[in-house]
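The lines below spell out each chain.
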Amino acid sequence: MTTTAPTTTAASRPAPDPMRRRARIAGVLYLLTFVSIPALGLYKPVKDDVGAFLLGAGSDTGVMVGALSEVVIGVAGISTAVVLFPVLKRQNHSAALGIVTARLVETSLIFVGVVSMLTVVTLRTDVVGTTGTDPASLLTTGHTLVAVYTWTFLLSQSLMPVFVDLLLGYVLYRSGLVPRTLPLIAFVGAPLLLVSDIAIFFGVYENVSPLALVAAIPVAVFEVSFGIYLIAKGFKPGAVAALQAGQAVR
């Protein structure tokens, strides 16, 4: 007599939870948006003295790495909004669409800043030292490109997160998809960052000053915590079920 070992059929395996997978992807993408933090240091030779950089001081490789990291943050940022949109729109379609729009504006401005920095590198490697080059014009162009980067950084990676986090915090708080402590942090951090952005805009202090860094901490805490929570826990099942039921009713 022969015996057959019991086999596990595909039907007995639990079906993968697409909402859990979506939450994990969004969490990873949120954490990826912080890879550009080293860019502030990598751009330092250009921002401190663009004239000296054009003449050979500092590393153009560092600037290239910084630019690449900002491309990553731009792509990751818009991806977070796209991945979360099908979930968030069940609570509030307009707010979810606003998040996507703000992320798109943020990413577009980030790319403008990246192009300005890469253009400085091109001036250094391909233009400086060539026959007929006017050093004064090069210096003016360099300062202009740095100014473009400074303003686009303020509008993209500092101002746009204010709108993203206010809208996201609102949807998360109303839906209960995550613990309500997280959106409360966003409700505190986003207005604080907005006040700091206005102060920078009017020249009260620079965007790399200690006050500016302190003002950005709550927003950073919210976004990091949100990303980690999505990876570790995902959305609350009860809140997801409630949103699905509400969508079915509508």
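Here the structure is a predicted model, which is why all the values come from computation and not from measurement. (Residues numbered from 1 in each chain as written. Predicted model: local features only at pLDDT ≥ 70, side-chain atom pairs only at ≥ 80, totals over all residues. Heavy atoms only, no water.)

Draft legend 1. Looking closely at the packing of aromatic side chains. Going through the model one piece at a time under the given rule, you end up with seven aromatic pairs. With a centroid separation of 5.8 Å and 70° between ring planes, the pair formed by tryptophan 151 and phenylalanine 201 is classed as edge-to-face. Taken together, the residues tryptophan 151 in helix H7 (residues 135-175) and phenylalanine 201 in helix H8 (residues 181-201) connect sequence positions 50 residues apart. Residue classification places phenylalanine 201 among the partly exposed positions, given a relative accessible area of 47%. Aromatic pair phenylalanine 222 and phenylalanine 226: ring centres 5.9 Å apart, planes at 10°, arrangement stacked. Of this pair, phenylalanine 222 and phenylalanine 226 both sit in helix H9 (residues 210-232), four residues apart, which is roughly one turn of that helix. Judged on exposure class, the residue phenylalanine 222 and its partner phenylalanine 226 are both buried. One Lys or Arg, arginine 124, reaches over the ring of phenylalanine 53 and ends 4.3 Å from the middle of that ring. Stacked on the ring of tyrosine 173, the Lys or Arg arginine 180 has its end atom at 5.0 Å from the ring centre. (Phe/Tyr/Trp six-rings, centres within 6.5 Å; stacked < 30°, edge-to-face > 60°. Helix = DSSP H or I, 4+ residues; strand = E, 2+ residues; numbered from the N terminus. Buried < 20%, exposed > 50% of the residue type's maximum accessible area, 1.4 Å probe, protein only. Lys NZ or Arg CZ within 6 Å of the ring centre and 35° of its normal.)

Draft legend 2. Broad picture of the packing of helix H5 (residues 60-88) against helix H6 (residues 93-127). Two numbers describe how H5 lies on H6: the axes approach to 9 Å, and their chain directions differ by 170°. The pairing of H5 with H6 is recorded here as roughly antiparallel in orientation. A class-by-class count of the residues in the contact of H5 with H6 yields 21 nonpolar, six polar and four charged. (Axes fitted to C-alpha atoms, helices over the stretch in contact; angles between N-to-C directions. Parallel < 35°, antiparallel > 145°, perpendicular 65-115°, else oblique. Nonpolar A, V, L, I, M, F, W, Y, C, P; charged D, E, K, R; others polar.)

Draft legend 3. A look at the pattern of salt bridges. Within this structure, the stated rule accounts for two salt bridges. For aspartate 48, the salt bridge identified is with lysine 44, shortest N-O distance 2.5 Å. Here lysine 44 and aspartate 48 lie together in helix H3 (residues 44-48), a separation of four residues that amounts to about one turn. With a relative accessible area of 54%, aspartate 48 lands in the exposed category. Glutamate 106 is paired through a salt bridge with arginine 103; the nearest N and O atoms lie 2.9 Å apart. Of this pair, glutamate 106 and arginine 103 are both found in helix H6, three residues apart, which corresponds to roughly one turn of the helix. When its relative accessible area of 3% is taken as the criterion, arginine 103 is described as buried. (Salt bridge = Lys/Arg side-chain N within 4 Å of Asp/Glu carboxyl O.)

Function-wise, these values are silent; they only describe arrangement.
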